[in-house]
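Chains, contacts and geometry: an overview
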Amino acid sequence: GAVVSQHPSRVICKSGTSVKIECRSLDFQATTMFWYRQFPKKSLMLMATSNEGSKATYEQGVEKDKFLINHASLTLSTLTVTSAHPEDSSFYICSASSGTANSPLHFGNGTRLTVT
Amino acid sequence: GENVEQHPSTLSVQEGDSAVIKCTYSDSASNYFPWYKQELGKGPQLIIDIRSNVGEKKDQRIAVTLNKTAKHFSLHITETQPEDSAVYFCAARGSGGGADGLTFGKGTHLIIQP
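Notes on the structure in this doc start here. (Residues numbered from 1 in each chain as written. Chains lettered and ligands numbered in written order. Predicted model: local features only at pLDDT ≥ 70, side-chain atom pairs only at ≥ 80, totals over all residues. Heavy atoms only, no water.)

This part covers the overall build of chain A. Regarding its fold elements, chain A presents zero helices and 11 strands. Going residue by residue from the N terminus, the α and β elements of chain A occur as β-β-β-β-β-β-β-β-β-β-β. Computed over C-alpha atoms, the radius of gyration of chain A comes to 13 Å, within 12% of the 13 Å expected from 2.2 N^0.38 for 116 residues, which places it in the range of a compact globule. Along the three orthogonal principal directions, the C-alpha set of chain A runs to about 40 × 25 × 20 Å. For chain A, the proportion of its 116 residues judged to be buried stands at 48%. Taking as baseline every contact in chain A between residues at least 6 positions apart, the subset at least 24 positions apart corresponds to 55%. (Helix = DSSP H or I, 4+ residues; strand = E, 2+ residues; numbered from the N terminus. Rg over C-alpha atoms; globule rule 2.2 N^0.38 Å. Buried < 20%, exposed > 50% of the residue type's maximum accessible area, 1.4 Å probe, protein only. Contact = heavy atoms within 4.5 Å.)

This is the structure we're talking about:
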């Protein structure tokens, strides 16, 4: 089945620093990638949608200058949390789709970000 | 936008019994309904999905039913096993197909009692 790899799985950083999370589709071309955020014991909240070669579309309330998304190739999207603060601590999960009408959505294993 | 409601939030069943999780959605244009299983510290794993032109789909012990008129769909797990314990999420996707993000329910914590 389709595999989505996310790296790192865990990261701890100091307040004010930036963190980059990578999401790769290993065996298919992902024209569309999605970034979700999940708080403990809560559901997944869509943060942004990125299409290869174009700017990401952010959901309402998500700061695009804080959560920088780059989707430079059909197999890689990155999320950079800039000037991280403790309230940015969360579980970030990417997903990828080939973008066709009936394509399922496959998720990475998530990144646990802790900002100290 | 789409709104997905999921019940119950927690479900405890005896090993070997069946478990049913129900979801409703609001957008009649939604046409794809996947179910995900999430284990602690991991990303969601797709376990079964159904499209709006189908009423029921089965894969071994797992089945999903869809009532498009009533805008609800359900996950059925039979002969439950300890490894079925996890959080299950239903989701709905609009007519934009693979270019649309999913709207998730709040999740059901399924506990299989040995």
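It is worth spelling out the overall build of chain B at this point. Of the regular secondary structure elements, chain B holds zero helices and 11 strands. In sequence order, the secondary structure elements of chain B are arranged as β-β-β-β-β-β-β-β-β-β-β. For chain B, the C-alpha atoms occupy an extent of roughly 40 × 30 × 20 Å along the three principal directions. For chain B, buried positions account for 45% of its 114 residues. Of the accessible surface of chain B, which amounts to about 5400 Å², a share of 46% is contributed by carbon and sulfur atoms. Averaging the coordinates of the 11 positive side-chain charges in chain B and doing the same for the 13 negative ones gives two points 5 Å apart. (Areas by Shrake-Rupley, 256 points an atom, 1.4 Å probe, with all protein chains shown as cover. Lys, Arg positive; Asp, Glu negative; His and termini not counted. Charge placed at Lys NZ, Arg CZ, Asp CG, Glu CD.)

To continue, consider the layout of surface pockets. Approximately 1400 Å³ is the volume attributed to the largest pocket. As for the largest pocket, its lining consists of 49 residues, and the residues nearest its centre are Q38, K42, S43 and L44 of chain A together with F89 of chain B. Within the residue set of the lining of the largest pocket, elements represented by two or more residues are strand 4 (32-38) and strand 5 (44-51) of chain A together with strand 1 (4-7), strand 9 (86-92), strand 10 (103-104) and strand 11 (108-113) of chain B. When residues in the lining of the largest pocket are grouped by element, the largest group, five residues, is from strand 5 of chain A. Across the lining of the largest pocket, the residue classes break down as 17 nonpolar, 19 polar and 13 charged. (1 Å grid on protein atoms, 1.4 Å probe; cavity = no way out; pocket = protein on both sides within 12 Å on 5 of 7 lines; lining within 4 Å. Points joined across faces, edges and corners; volume = space filled by probe spheres on them. Nonpolar A, V, L, I, M, F, W, Y, C, P; charged D, E, K, R; others polar.)

Here the focus is the sheet that holds strand 1 of chain B. Residues and elements named next belong to chain B. Strands sit in the order 1-3-8-7-6 across an open sheet of five strands; the sheet is antiparallel. The two strands at the open ends of the sheet, each matched to only one other strand, are strand 1 and strand 6 (56-59). Taking the axes of each pair of neighbouring strands and ignoring which way they run, one obtains an average angle of 15° across the sheet. With four bridges connecting them, strand 1 and strand 3 (residues 19-25) associate as antiparallel partners. (Pairing = 2+ DSSP bridges. Axes fitted to C-alpha atoms, helices over the stretch in contact; angles between N-to-C directions.)

Another point: the interface of chain B and chain A. If you look at the interface, chain B gives 21 residues, while chain A gives 23 residues. Summing the contributions of chain B and of chain A, the shared interface buries around 1500 Å²; its carbon and sulfur component is 54%. Put simply, chain B and chain A have five residue pairs in polar contact (both at pLDDT 80 or more) between them. When residues of the side of chain B that touches chain A are traced back to their parent elements, those giving at least two are strand 4 (32-38) and strand 5 (45-51) of chain B. Of the residues that constitute the side of chain B that touches chain A, the class distribution is eight nonpolar, seven polar and six charged. (Buried area = accessible area lost by both parts, 1.4 Å probe. Polar contact = N/O pair within 3.5 Å; in protein donor to acceptor, adjacent residues only side chain to side chain.)

A few words on the packing of aromatic side chains. Taken as a whole and judged by the stated rule, the model has 11 aromatic pairs over all chains. Each ring, one from W35 of chain B and one from F73 of chain B, has its centre 5.6 Å from the other, and the planes form 65°; the classification is edge-to-face. With W35 of chain B in strand 4 and F73 of chain B in strand 8 (residues 72-77), this pair connects stretches of sequence that are 38 residues apart. The burial state of W35 of chain B is the same as that of F73 of chain B; both residues are buried. An aromatic cluster is built from Y36 and F107 of chain A together with Y36, F89 and F104 of chain B, whose rings are joined through pairwise contacts. (Phe/Tyr/Trp six-rings, centres within 6.5 Å; stacked < 30°, edge-to-face > 60°.)

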